[in-house]
Amino acid sequence: MSTPAVKQQAHEKKRLLSGMQPTGPGALHLGNLEGALRTWVRLQDEYEMYCFIADWHSLTTRYQDTAAIGPACREVAADYIAAGLDPNKCAIFLQSHVKEHAELQLLLGMITPVGWLERVPTYKEKRDLLQERGEGDESVSYGLLGYPVLQAADILVYRAHSVPVGRDQAAHLEMSRELARRFNRLYGDTFPEPQALIMEDTGVIPGIDGRKMSKSYGNAIYIRDDADTVARKVKEAFTTPSKMRKSDPGVPEKCAVCQLRKLYDPTGYSASWEEDRQGLRGCMQNKAELTEILNDMLNPMRVRRAELLADPAELDRILTHGAEKARETAEATMAIVRKAMHF
Ligand code: ADP
Ligand code: TRP
């Protein structure tokens with residue numbers, strides 16, 4: 001079998017890879033959209049892109065209900081495309097469709113000191129949470145401890161240069177870099193060290209209760225929410241606690257509705273914030289206007305995702321095509337890896 005040159009050719013585009021877990025309902029919310037997806041969409045012309053759905057990773061915490069994972073993956077794929085990822089430019093696929101991720105994970109696992117894994121903050125948090133909930137030692141699996149090894153395999157199997165992720169993923173990226181260095185030291189120069197592209201420009205998107213928008217907090221507005229659901233959620237949203245009447249002054253910095261308005265109406269929000277501060281506008285008006293802004297933004301995405309989910313054969317075709325493209329790259333890397341390790 002011919003092995004492609006290890007070094008990148010000057011004319012080639014740099015490779016970029018990222019992914020999300022299909023946990024919960026799978027569908028993505030405004031935090032995922034603004035904190036991750038939009039950046040991927042922006043970069044897809046510039047890079048050779050691989051955007052996958054980390055279905056094996058979701059087993060690290062939810063191995064009991066595997067039947068929900070497949071449908072959740074389709075929701076995520078539909079959201080990726082509805083947000084603007086183009087399957088002709090970017091390989092969109094499921095992690096479990098490219099078995100090379102598992103082979104590399106096994107090999108990397110052999111050179112990963114357990115102490116490195118035990119120090120990863122996300123592992124410690126999840127372990128403590130499971131133990132707090134009284135789920136006992138048996139709920140903390142080998143797979144949960146090995147989460148960053150699988151993530152390193154996801155990245156290194158494409159010999160990716162850049163990985164756009166949120167700040168919460170920085171420790172996982174560092175582990176991928178350390179494993180690349182360790183592999184290169186042991187078996188010769190094989191992997192470029194993947195660079196984290198930390199996406200901080202949008203900041204943390206607040207949910208309707210003012211905390212970080214997250215599927216675990218029940219405070220998220222989803223891309224798939226219909227217009228009435230968006231209206232209901234915005235009606236329930238937290239505003240300035242001390243503002244009871246229209247004439248009470250608001251504090252837009254502390255109001256979830258005003259924060260979302262600023263994000264989605266960057267040129268027009270300041271007039272509404274000023275009126276809010278001066279007690280010239282009520283929360284009802286603020287909420288009605290935000291609902292309209294959000295629905296105008298989400299509507300084309302809803303239409304696109306509904307079309308995709310209504311046509312399972314088309315979505316299958318996209319995911320199969322994405323996996324084929326990914327497999328080709330992953331298989332080329334594995335040929336280099338097996339040779340480097342004398343298999
Ligand atoms: P959740 O908190 O809903 O479980 P994930 O942890 O699966 O979301 O996040 C997937 C991606 O979306 C990550 O890159 C993360 O940084 C980004 N993200 C999630 N929530 C937000 C938010 N509220 N604001 C900005 N980015 C977010
Ligand atoms: N751990 C990431 C998250 O929770 C998802 C993920 C898995 C990932 N493998 C990856 C992200 C590889 C980037 C690259 O958001």
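About the cut-offs
Every chain's residues receive numbers from 1 upward, in the order its sequence appears when written. Each chain takes a letter, starting from A, and each ligand takes a number, starting from 1, following the order in which they are written. Reporting of local features is limited, given that this is a predicted model, to residues whose pLDDT is at least 70; pairs of side-chain atoms are given and counted only at 80 or more, and all residues count toward the totals for whole chains, interfaces and linings. Hydrogen atoms and water are omitted, and side-chain values are computed over all heavy atoms in the structure. Here a helix means four or more residues in a row that DSSP labels H or I, a strand means two or more in a row labelled E, and each is numbered from the N terminus. Radius of gyration: over C-alpha atoms. The globule rule applied is 2.2 Å multiplied by the number of residues raised to the 0.38 power. Buried residues are those whose accessible area, probed at 1.4 Å on protein chains only, stays under 20% of the maximum for their type, while exposed residues exceed 50% and partly exposed ones sit between those limits. Should any heavy atoms of two residues lie within 4.5 Å, those residues are counted as being in contact. Note that accessible areas follow from Shrake-Rupley with a 1.4 Å probe, and for residues the cover is restricted to the protein chains shown. By the counting rule applied here, Lys and Arg register as positive and Asp and Glu as negative, while His and the ends of each chain are not counted. Working definition for charges: the position is that of NZ of Lys, CZ of Arg, CG of Asp or CD of Glu. What counts as a domain boundary in this text is fixed by an automatic or database domain assignment. Here's the idea: put two parts together, see how much 1.4 Å probe accessible area each one loses, and the total over both is what we call buried area. When a carboxyl oxygen of Asp or Glu is within 4 Å of a side-chain nitrogen of Lys or Arg, the pair counts as a salt bridge. As used in this structure description, the phrase polar contact means that two N or O atoms lie within 3.5 Å; if the pair is within protein, one of them must be able to donate a hydrogen and the other to accept it, and residues adjacent in sequence are counted only when both atoms belong to side chains. This arc corresponds to the set of directions leading from the helix axis out to the C-beta atoms.

**Some words on the overall build of the protein chain**
Scanning the protein chain from N- to C-terminus turns up 14 helices and five strands. Here the C-alpha radius of gyration of the protein chain, 22 Å, is about what a compact globule of 343 residues would show, namely 20 Å. In terms of overall dimensions, the protein chain has C-alpha extents of about 75 × 45 × 40 Å along its principal axes. For the protein chain, the proportion of its 343 residues judged to be buried stands at 50%. Contacts in the protein chain between residues far apart in sequence, at least 24 positions, make up 77% of those at least 6 positions apart. Split by element, the accessible area of the protein chain, about 16600 Å² in all, is 53% carbon and sulfur. Taken together, the 45 basic and 48 acidic charged side chains of the protein chain have centroids lying 2 Å from each other.

**Looking at the domain arrangement of the protein chain**
It is common to give the size of an interface as the accessible area that goes away when the parts come together. Split into domains, the protein chain comes out as domain 1 (4-205 + 312-340) and domain 2 (227-303). Between domain 1 and domain 2, the contact holds seven residues from the first and seven residues from the second. It is L30, A82 and I205 that lose the most area in domain 1 upon contact with domain 2, and together they represent 58% of the buried surface on that side. Where domain 1 packs against domain 2, one counts zero salt bridges. For the pair domain 1 and domain 2, the number of links is one residue pair in polar contact (both at pLDDT 80 or more).

**What to know about the pattern of salt bridges**
Enumeration over the complete set of coordinates arrives at 28 salt bridges. Between D316 and R74 there is a salt bridge, with the nearest N and O atoms lying 2.9 Å from each other. Taken together, the residues D316 in helix α14 (residues 312-340) and R74 in helix α3 (residues 69-82) connect sequence positions 242 residues apart. When the shortest N-O distance is used, the salt bridge between R305 and D79 registers 2.6 Å. Taken as a pair, R305 in helix α13 (residues 283-309) and D79 in helix α3 lie far apart in primary sequence, 226 residues in all. In this pair, the class of R305 matches that of D79, namely buried.

**Focus: helix α4 (residues 100-110)**
When we look at burial in α4, the residues that qualify are E100, H101, L104, L107 and L108. Buried residues along α4 cover an arc of 130 degrees about the axis, so they all sit on one side. On its buried face, α4 is in contact with β3 (90-94), α8 (147-156), α9 (170-187) and α14.

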